Amino acid sequence: MAETDSFINKNNSARLSVAPMMDWTDSLCRRIHRLLSRRALLYTEMVTAPALVFGDRARLLDFDAAEHPVALQLGGSDPAQLAEAARIGADWGYDEINLNVGCPSDRVQSGCFGAVLMTRPELVAECVAAMIAASPVEVTVKCRIGVDDQLPEAVLPDFIARMRDVGVRRMTIHARKAWLQGLSPRENREIPPLDYPLVHRMKQAFPDLHLSINGGIASLDAVRDHLRAMDGVMVGRAAYHQPWDILGEADRLWGEEPRFAGPLEAARALRDLVDAHLAQGGRLHQATRHMLGLFHGRPGARGWRRQLSEGASRARDRVEALAVYDAALAEVMAPA
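About the thresholds
Residues numbered from 1 in each chain as written. Predicted model: local features only at pLDDT ≥ 70, side-chain atom pairs only at ≥ 80, totals over all residues. Heavy atoms only, no water. Helix = DSSP H or I, 4+ residues; strand = E, 2+ residues; numbered from the N terminus. Buried < 20%, exposed > 50% of the residue type's maximum accessible area, 1.4 Å probe, protein only. Areas by Shrake-Rupley, 256 points an atom, 1.4 Å probe, with all protein chains shown as cover. Arc of directions from axis to C-beta. Contact = heavy atoms within 4.5 Å. Phe/Tyr/Trp six-rings, centres within 6.5 Å; stacked < 30°, edge-to-face > 60°. Axes fitted to C-alpha atoms, helices over the stretch in contact; angles between N-to-C directions. Parallel < 35°, antiparallel > 145°, perpendicular 65-115°, else oblique. Nonpolar A, V, L, I, M, F, W, Y, C, P; charged D, E, K, R; others polar. pLDDT = per-residue confidence, 0-100. Polar contact = N/O pair within 3.5 Å; in protein donor to acceptor, adjacent residues only side chain to side chain.

Caption draft 1: Molecular detail of the overall build of the protein. In terms of helices and strands, the protein carries 17 helices and nine strands. With the principal axes as the frame, the protein shows a C-alpha extent of 55 × 40 × 40 Å. Within the span of the protein, comprising 336 residues, buried residues form 56% of the whole. Accessible area for the protein stands at about 14,000 Å²; split by element, carbon and sulfur atoms hold 50% of it.

Caption draft 2: Inspection of helix α10 (residues 196-205) at higher detail. Of all the positions in α10, only Tyr-196, Leu-198, Val-199, Met-202 and Lys-203 are classed as buried. End-on, the buried residues of α10 take up no more than an arc of 165°, which puts them together on one face. Structurally, α10 contributes buried residues whose contacts are with α8 (152-165), β7 (170-174), β8 (210-214) and α11 (220-227).

Caption draft 3: Fine view of the packing of aromatic side chains. Overall, the coordinates contain four aromatic pairs when judged by the stated rule. Look at Trp-24 and Tyr-240: their rings are 4.5 Å apart centre to centre, the planes differ by 15°, and that puts the pair in the stacked class. Of this pair, Trp-24 sits in the loop between β1 (16-18) and α2 (27-36) while Tyr-240 sits in helix α12 (residues 237-241), placing them 216 residues apart in sequence. On the basis of relative accessible area, Tyr-240 is assigned to the buried category, the value being 6%. Here Trp-304 and Tyr-325 contribute two aromatic rings whose centre-to-centre distance is 5.6 Å and whose plane-to-plane angle is 75°, an arrangement assigned as edge-to-face.

Caption draft 4: Spotlight on the packing of helix α16 (residues 301-314) against helix α17 (residues 318-333). Orientation of α16 relative to α17, taken along the N-to-C sense of each, is 170°, at an axis distance of 7 Å. The pairing of α16 with α17 is recorded here as roughly antiparallel in orientation. Contacts between α16 and α17 involve Ala-301, Gly-303, Trp-304, Arg-306, Gln-307, Leu-308, Gly-311, Ala-312 and Arg-314 on the former and, on the latter, Glu-320, Val-324, Tyr-325, Ala-327, Ala-328, Leu-329, Glu-331 and Val-332. When the residues that make up the contact of α16 with α17 are grouped by side-chain class, the tally is ten nonpolar, three polar and four charged.

Caption draft 5: Quick peek at unusual backbone geometry. Residues His-68 and Pro-69 are joined by a peptide bond in cis, for which omega reads -5°. If you trace the backbone, Pro-69 turns up in the loop between α4 (57-61) and β4 (70-75). One non-glycine residue with positive phi stands out, namely Asp-23, at about 70°. With respect to the secondary-structure elements, Asp-23 resides in the loop between β1 and α2. For Asp-23, a relative accessible area of 51% corresponds to the exposed category. Phi is positive for Asp-148, which is not a glycine, with a value near 50°.

Caption draft 6: Just the confidence of the model for the protein, in detail. Looking at the protein as a whole, its pLDDT mean stands at 92, while 92% of the residues score no less than 70. Low pLDDT (under 50) marks residues 1-7, which in the prediction has 14 contacts with non-local residues, meaning those over four places away or in another chain.

Caption draft 7: Quick peek at the environment of Lys-142. Mapped onto the secondary structure, Lys-142 falls in strand β6 (residues 138-144). In this structure the C-alpha to C-alpha distance between Lys-142 and Ile-173, which are 31 residues apart in sequence, comes to 5.8 Å. Those residues in contact with Lys-142 that sit more than four places away from it in its chain are Pro-20, Gln-73, Asn-98, Leu-99, Asn-100, Val-101, Gly-102, Thr-172, His-174, Asn-214 and Met-234. Here the side chain of Lys-142 touches Asn-214 through a polar contact of 3.2 Å, side chain to side chain.

Caption draft 8: Main features of the packing of helix α14 (residues 263-279) against α17. In contact at an axis separation of 10 Å, α14 and α17 are set at 170° when each is read in the N-to-C sense. Overall, the two elements α14 and α17 adopt an arrangement that is roughly antiparallel. Judged by residue contacts, Leu-264, Ala-267, Arg-268, Leu-270, Arg-271, Val-274, Asp-275, Leu-278 and Ala-279 of α14 engage Arg-318, Ala-321, Leu-322, Tyr-325, Asp-326, Leu-329, Val-332 and Met-333 from α17. Here the contact of α14 with α17 is composed, by residue class, of twelve nonpolar, no polar and five charged.

Caption draft 9: Region of the structure containing the side chain of Gln-150. Its location among the elements puts Gln-150 in the loop between β6 and α8. The exposure class assigned to Gln-150 is buried, which follows from its relative accessible area of 17%. A polar atom in the side chain of Gln-150 sits 3.3 Å from the backbone oxygen of Met-118. Contact partners of Gln-150, with chain neighbours within four places excluded, come to Met-118, Thr-119, Val-155 and Lys-177.

So this is what it looks like as structure tokens:
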């Protein structure tokens, strides 16, 4: 485990990361993203500590070795359960264990984890301390700038200081408040205003910590702008809906040439991943739903999406599924 942990530190993979997103960042999604970028740090969907301690660990945790560096995000508020879940995750081979203190969904609130924990920093500190004691790999925290009527200028530096004091060395800060009353989870991703300057000031106030910024960052140019002030940038929906635009040339952030010259070359390479998934009994849409935005804004993008969306449900076997994929490729290979 120590070897993979040092891999993250040595190569600074957290310079760019793809956010954990429920129902999106599954293993297939991460393998697609990894093919596009050798370096970006990838996160799992959030897994609750009770589900991991008492449930089907293989179903929740299994991943492909090609996904490294990959982090497991946990949700919970019981220090003992989180410590056990962190130990399990580390033993499973994850490079990092992350605690979610930012998700605003109703089901998260009812379980007393996610963003609601911003109101209980002493409990979060207790949880994180227990996780660090149990895990041989790095434990990190993802949080908001505050919730509801909290004053972020006061709450956020105190929260960060508490995390630092129990041993956290890397955090990701979503630059929005979460309104736990009155806004849906989707609205909480869009309506509360972004406060990038506040998060930038946190890096100035805590120069000893590795701090990443998250929220509303939708282009690689924006990533570069934030890296002038921050150690890292986490991108969420844009990396999912426009994977080539965010990840296709992301390796330049580490001074490396991209793996592919463009999205068409990437799509051809991804065919092998799709074929391997089909050969194992998987369905076409399980893979291609993560690729629909690969040609975002480019000629043939609509045909690519249409072929994959409509054809995936009709394909009855591996041969038909690959024919659908090839038809989608033909849409973006045709002259504009």
